[in-house]
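Architecture at a glance
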Amino acid sequence: MSGAGSPTLSVDGTGLTVAIVAGQWHTVISEGLKAGARRVLEASGATIVEYAVPGSFELPVVSKAALEAGADAVVALGVIIRGGTPHFEYVSSAATDGLTRVALDTGKPVGFGVLTLENEQQGIDRAGLPGSIEDKGAEAAEAALATARVLQAIRA
């Protein structure tokens, strides 16, 4: 949802419980992502619960547990920076595929805030920090809230 043409979403989160599930790698970037997600969720009126996981690989299992425990949506946040081995591809694929599976298996939204980056500067530019050009944590929270409301309307 970045760049030109991205939607402006403002969703009432009253009555929704949203879990922020965040990896702990690359602290400056991950803290920025969490702050953006919190800001959007607090402004929406949603109830927020937070879970820290070691890294992006662990996001799917904890996201699924949070949804099965009653959360209406998850905002999954992680930072994966390319290195010199295939590790980047494996972790990126596992996180992306796993979070997609969680959303489909539970029928609940997962806001995708996993940054897959070539370098740390790209993450700083997208983390909603002072001077950042984007706020991917906020965008992931907006997407989770909006999708939760769409699903509620469909099921009503």
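In this report, we go over the structure that sits alongside the text. Remember, predicted model here, so these are calculated numbers, not experimental data. (Residues numbered from 1 in each chain as written. Predicted model: local features only at pLDDT ≥ 70, side-chain atom pairs only at ≥ 80, totals over all residues. Heavy atoms only, no water.)

As for the pairing of strand β4 (residues 110-117)
Judged by how many residues are buried, β4 sits mostly within the fold: six of eight residues are covered. Sheet topology note: the strand β3 (residues 73-81)/β4 ladder contains eight bridges and is parallel. Note on β4: the bridge partner recorded for G78 is V114. In terms of handedness, the path from β3 via helix α3 (residues 87-106) over to β4 forms a crossover that is right-handed. (Buried < 20%, exposed > 50% of the residue type's maximum accessible area, 1.4 Å probe, protein only. Helix = DSSP H or I, 4+ residues; strand = E, 2+ residues; numbered from the N terminus. Pairing = 2+ DSSP bridges. Right-handed = clockwise from strand over helix to strand, strands pointing away.)

Some points on the pairing of strand β1 (residues 17-23)
For a regular strand, side chains alternate in direction, first toward one face of the sheet and then toward the other. β1 sits mainly inside the fold: six of its seven residues count as buried. In terms of strand pairing, β1 meets strand β2 (residues 47-53) through seven bridges, oriented parallel. In the sheet register, V18 faces β2, and the bridge partner there is I48. Read as a crossover between parallel neighbours, the route from β1 over helix α1 (residues 27-44) to β2 is right-handed.

Details of the nonpolar core
With 23 residues, the main nonpolar core has V18, I20, L41, V75, L77 and L145 as its most contacted residues. At the level of secondary structure, the elements contributing two or more residues to this core comprise β1, α1, β3, β4 and α5 (136-155). In terms of residue count, α5 provides more of this core than any other element does, six residues in total. (Core = buried A, V, L, I, M, F, W, Y, C linked by side-chain atoms within 4.5 Å.)

Comments concerning the pattern of salt bridges
Going through the model one piece at a time under the given rule, you end up with ten salt bridges. For D135, the salt bridge goes to R39, with nearest N and O atoms at 2.5 Å. Placement of the pair is D135 in the loop between α4 (120-126) and α5 and R39 in helix α1, with a sequence separation of 96 residues. Taking relative accessible area as the criterion, D135 reaches 15% and is therefore assigned buried. The partner of D105 in a salt bridge is R101, and the shortest N-O contact between them spans 3.1 Å. Highlighted residues: D105 and R101, both in helix α3, separated by four residues, approximately one helical turn. Overall, D105 belongs to the partly exposed group, its relative accessible area being 49%. (Salt bridge = Lys/Arg side-chain N within 4 Å of Asp/Glu carboxyl O.)

What about the packing of α1 against α5?
Orientation of α1 relative to α5, taken along the N-to-C sense of each, is 40°, at an axis distance of 6 Å. Here α5 runs oblique to α1, going by the angle between their axes. In this structure, the crossing between α1 and α5 has a hand that is right-handed. Contacts from L33, G36, A37, R39, V40, L41 and S44 of α1 reach α5 at K136, G137, A138, A141, E142 and L145. Considering only residue class, the contact of α1 with α5 consists of seven nonpolar, three polar and three charged. (Axes fitted to C-alpha atoms, helices over the stretch in contact; angles between N-to-C directions. Parallel < 35°, antiparallel > 145°, perpendicular 65-115°, else oblique. Left-handed = near helix turned anticlockwise from the far one by under 90°. Contact = heavy atoms within 4.5 Å. Nonpolar A, V, L, I, M, F, W, Y, C, P; charged D, E, K, R; others polar.)

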